Amino acid sequence: MSETRKPFPFDEFEPKWQARWDSEKTFRTPNPGEEGFDASKPKYYVLDMFPYPSGAGLHVGHPEGYTATDIIGRYKRMKGFNVLHPMGYDSFGLPAEQYAIKTGQHPAITTAANIETFRRQLKSLGFGYDWDREIATTDPEYVRWTQWIFLEIYNSYFCEETNTARPVSELEAKGWSRDEIDNVRLAFVADTPVWWSPDLGTVLANEEVEEWKSKGHTVERRPLRQWMLRITKYAQRLIDELDTLDWPEGIKLLQKNWIGRSEGAEVAFSFLPNKMVAAEISEWKLVNEPPGEPDKFGELHIDPVKVFTTRPDTLYGATYMVLAPEHPMVGFLHPNVWPDNTPELWKGELEPARVSPYSAINAYRQACAAKSDLERGDLNKDKSGVFTGAFAVNPVNGEKIPVWIADYVMMGYGTGAIMAVPAHDERDYEFAHKYQIKIKPVVAPEAGDTFMLELLGDSQELCRDRDALLKRYATKPELYHDGLLPFHGEGIAVNSGFLDGLPTKEAKSKMIGWLVENEKGDRKIQFKLRDWLFSRQRYWGEPFPIVWKDGKHQAISDSELPLLAPPLEDYKPSGSPEPILTKATDWVQLPDGSIRETNTMPQWAGSCWYYLRYCDPSNSDRFISKEAEAYWSSNTQSSINNTQCGMVDLYVGGTEHAVLHLLYARFWHKVLFDLGHVRTPEPFQKLVNQGLIMGEDGQKMSKSRGNVVNPDDVVSAYGADSLRLYEMFMGPLEQVKPWQMKGVEGVSRFLARVWRLAVTEEGGVSPKIQDAPCSDKELLRVVSETIKKVGEDIEKLSFNTAISQMMICTNAFTQADTVPLAEFVHFLKVLNPFAPHITEEIHSRIGGEGLLSETEWPTYDESALIRTECELVVQVNGKLRDRIWMAMDAPEETAKELALASPKVQEHIDGKTMRKIIYVPGKILNLVAN
């Protein structure tokens, strides 16, 4: 937009108001005990998911959530709350380290420059943040307390009796040994398979693998020594306490599914060879020392593998077994040669590797090592595997079943082994269908066929219709295996020995009882959630406050915090799993002979607790003072059961953090709660996820697509208020919406109309503004409706409908002969949270004193909302000719008289014969004449 086309001088007054808010610290919120703190006010803590400060700066998708929280924060201030609305930066991370590798520049320099860009852009949009509370996770003082919290976790264990974290000092007092204590710490060390990237020089989380592989980086699976956090101990609490939170049901479900609670049985499957097939022992090659001892007969004995199943009632239908390729038992099982009559299909797809089970298994394991969990899991539509040459024994019927390794089974879930029941599981069925493995149905639908089973997604009616099933089988035999399709539901047990005839629920219970009684298994609750892999081999992350001495890890003292990583001559990874900090030999090797831990924490660490530090960011004695924590945790109640649950009243951010960040933050908070450091069991009471703002092409904004819109350009052309207002007017906050620059022009024209109501072209006060009581009842009603609706809509986060109402109010002011000053100021107040710059400027020009944002939210007269008049649309032969106002309770004859008296109507009926009059009371009157 050129200088001549600007409908109001936003470029003049927006920087002026931003500078004033900055210099006067308008939005600073004092803590308890500080000057200006008013304990009589209730608190409201509204929080944005803080950004990673990338070099690209903000794009127009970022301010959407920030604008929403700013509106409600400003509104709550005007409603008399002490509002905590802070901003900070999740500033550790791999991109800054990658830039350091390329340039040799310390990542702190890049990070500081990026933060400066973000800060400038955020201030240019007029957000009412308390900038005295600004933090970055890379700040040394912040690092100090992140490391301190880690040590609190490290020095704790999970007490099964109280279901809470407790200090390990309690175990020391009971005489537990060091090794016994290390085995139960919430922070522990383990050798575990991880995703390692040689060129990035670090371990990646499962969720990061696809991103970095798509950027051309090598990622491979390998076992490494890693720090882990025992989040699994909190699995049940993390599920149960979701019910106290005002979160979207979809997000709660995502978290519950990620944690993955299942009830069932853990079943022990034994392997052959053993003394049952001693004659075959000579064919077996022992690659590793097995986890078992030769029995008195000299035959090889291999310990059983436990399998978890939620459907123990289907055990009779287990026709093969699958181990994860990484399962430690795989190396003990395979024979030196393929068993007689092994189908060629079972030996793998690589011809040279099919000469023996050993070579086939090794080739398959190597192929799986390059696949991510996503590629192997639900996204894996083409199941693959290799027969190990080994057999297991089905514990309920003694049948010999083949043992496979397959990529769709992973060590990260359950025991890394499954019993495959292809008649009643879609994945197992697809696998059995591909490799022509036996399928045995053991659950029949309660009505219908017992041998022709239902395909996933089919209706129950189709299942009962034998003719329809037979017809489908005849037309699409490729869908079937041995004439069967998998049936996934509950039904009646068949082909199941002592379970036959029992409904699924009873069959489950009876089978579990049999397993326990015969020492073949146990009742079990299983979680899909795994312990949190907490190590990275990066430079740009928090160093662990841990040293190693004589092979044992130990915490450094609090007085040594923060422990910061030293500068390096270069930040290039070595290509080996050794962390980059091993290059800092003087830093690693300590005078007493101990060695520093050289792994660093993941980026998640800093984002787990930043909401707490905002409450007391300058405290050098505690991560948060008891007084600040008590106040900012107060008055938070669940709308579900009216109990105090979460600390933050409103948390707004994207759905990309729906699981991991929220889960990890909840875990840290619960540990701090158990140890008495915080008062609420949850961090975030109410959660709202804003929808993505897409590019004008309907695609997600990205540099590669060239559809990124820089907010600086929009502010320059239309002003910050126009950008803020447009992002809230695009649609409901939670919806995905495409960016349209024409939409910005539209809301800019609306703000121009507001400007022209009060300011003349010369910059003076419009003569339409009159400091006199409002005699226009209809205008009073619209203003009162606007105050009421905008307030209610802000509370509901329905910002688009609030803006629509303010547009209606603006039209009413425009059509009025005069604009009463008091009512117009009320309107400016309700518009202020949305468009703070223009409303402050107009308020000051029309004689307002002080800041509009520091005034109280206007009240309205309930009686003014009552309509006593209505607008009647008058048509002649179906065409609009006039609008007239009349009393709501006026009779039809009065409506006719008023309509016929209108000059605009008379013009179109003069000389014509009235044939008919159609009247809809209070809405429309149509005169039919010719």
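Residues numbered from 1 in each chain as written. Predicted model: local features only at pLDDT ≥ 70, side-chain atom pairs only at ≥ 80, totals over all residues. Heavy atoms only, no water.

1. Some points on the overall build of the chain
Counting secondary structure elements, the chain contains 31 helices and 34 strands. Within the span of the chain, comprising 930 residues, buried residues form 55% of the whole. Residue pairs in contact within the chain that sit at least 24 positions apart in sequence constitute 73% of those at least 6 positions apart. Approximately 40,300 Å² of the chain is accessible, and the part contributed by carbon and sulfur atoms is 50%. (Helix = DSSP H or I, 4+ residues; strand = E, 2+ residues; numbered from the N terminus. Buried < 20%, exposed > 50% of the residue type's maximum accessible area, 1.4 Å probe, protein only. Contact = heavy atoms within 4.5 Å. Areas by Shrake-Rupley, 256 points an atom, 1.4 Å probe, with all protein chains shown as cover.)

2. Remarks on the sheet that holds strand 2 (residues 82-84)
Spatial strand order, 2-1-24-26: 4 strands in an open sheet with parallel pairing. In this open sheet, the two edge strands, each paired with only one partner strand, are strand 2 and strand 26 (687-689). Each neighbouring strand pair of the sheet contributes to a mean axis angle of 15°, computed without reference to strand direction. Looking at chain direction, strand 1 (residues 43-48) and strand 24 (residues 650-653) are connected through 3 bridges and run parallel. Residue pairing for strand 24: Val-46 is matched across the bridge by Leu-650. (Pairing = 2+ DSSP bridges. Axes fitted to C-alpha atoms, helices over the stretch in contact; angles between N-to-C directions.)

3. Side note on the packing of helix 1 (residues 10-24) against helix 29 (residues 836-845)
Running from N to C, helix 1 and helix 29 cross one another at 90°; their axes reach a closest spacing of 9 Å. Classed by the angle they form, the pair helix 1 and helix 29 counts as roughly perpendicular. The residues of helix 29 that touch helix 1, namely those facing Phe-13, Glu-14, Lys-16, Trp-17, Gln-18 and Trp-21, are Pro-836, His-837, Ile-838, Glu-840, Glu-841 and Ser-844. Looking at the contact of helix 1 with helix 29, its residues break down into 5 nonpolar, 3 polar and 4 charged. (Parallel < 35°, antiparallel > 145°, perpendicular 65-115°, else oblique. Nonpolar A, V, L, I, M, F, W, Y, C, P; charged D, E, K, R; others polar.)

4. Thoughts on the packing of aromatic side chains
Enumeration according to the criterion identifies 54 aromatic pairs in this entry. Aromatic pair Trp-346 and Phe-387: ring centres 5.2 Å apart, planes at 75°, arrangement edge-to-face. One end of the pair, Trp-346, is in the loop between helix 11 (330-333) and helix 12 (357-369); the other, Phe-387, is in strand 13 (residues 385-393), with 41 residues separating them in the sequence. Each member of the pair, Trp-346 as well as Phe-387, is classed as buried. Cluster of aromatic residues (ring-pair linked, three or more members): Phe-150, Tyr-154, Phe-158, Trp-227, Tyr-234, Trp-532, Phe-534, Phe-544, Trp-604, Tyr-664, Phe-667 and Trp-668. Here the basic side chain of Arg-185 rests over the ring of Tyr-154, its NZ or CZ set 4.3 Å away from the ring centre. Sitting over the face of the ring of Phe-188, Arg-230 holds its NZ or CZ atom 4.0 Å from the ring centroid. (Phe/Tyr/Trp six-rings, centres within 6.5 Å; stacked < 30°, edge-to-face > 60°. Lys NZ or Arg CZ within 6 Å of the ring centre and 35° of its normal.)

5. Some points on the confidence of the model for the chain
Averaged over the chain, the pLDDT score is 87; the fraction of residues at 70 or greater is 90%. Per-residue pLDDT stays below 50 along residues 274-300; that stretch engages in 42 contacts with residues further than four places along the chain or on separate chains. Across residues 476-481 the pLDDT falls below 50, and counting only partners more than four positions away or on other chains, this stretch makes 17 contacts in the model. (pLDDT = per-residue confidence, 0-100.)

6. Brief notes about the pairing of strand 31 (residues 869-876)
For strand 31, a buried count of 6 out of 8 residues is recorded, marking the element as mostly surrounded by other parts of the structure. Pairing geometry for strand 31 and strand 32 (residues 879-887), over 8 bridges, is antiparallel. Across the sheet, Cys-870 pairs through a bridge with Met-886, a residue of strand 32. Turn length for the strand 31-strand 32 hairpin, with the two strands adjacent in sequence and antiparallel, is 2 residues, and the turn residue Asn-877 shows positive phi of about 55°. Of the pairings in the sheet, the one linking strand 31 to strand 34 (residues 924-929) comprises 4 bridges and is parallel in character. Each residue of the ladder has a partner; that of Val-874, found in strand 34, is Leu-925.

7. Digging into the sheet that holds strand 19 (residues 532-533)
Strand order in the open sheet made by the 4 strands is 8-7-9-19, with antiparallel pairing throughout. Looking at which strands have only one partner, the edges of the open sheet turn out to be strand 8 (202-204) and strand 19. Bridge count between strand 9 (residues 220-229) and strand 19: 2 bridges; the pairing is antiparallel. Following the sheet pairing, Leu-229 is matched in strand 19 by Trp-532.

8. A closer look at the environment of Leu-757
With respect to the helices and strands, the residue Leu-757 is situated in helix 25 (residues 741-758). Residues Leu-757 and Phe-813 lie 56 residues apart in sequence; the distance between their C-alpha atoms is 7.6 Å.

9. Points about the pairing of strand 9
Here is the key point about a regular strand: its side chains alternate between the two faces of the sheet. Where strand 7 (residues 187-197) lies against strand 9, 10 bridges are found, and the strand directions are antiparallel. Following the sheet pairing, Phe-188 is matched in strand 9 by Met-228.

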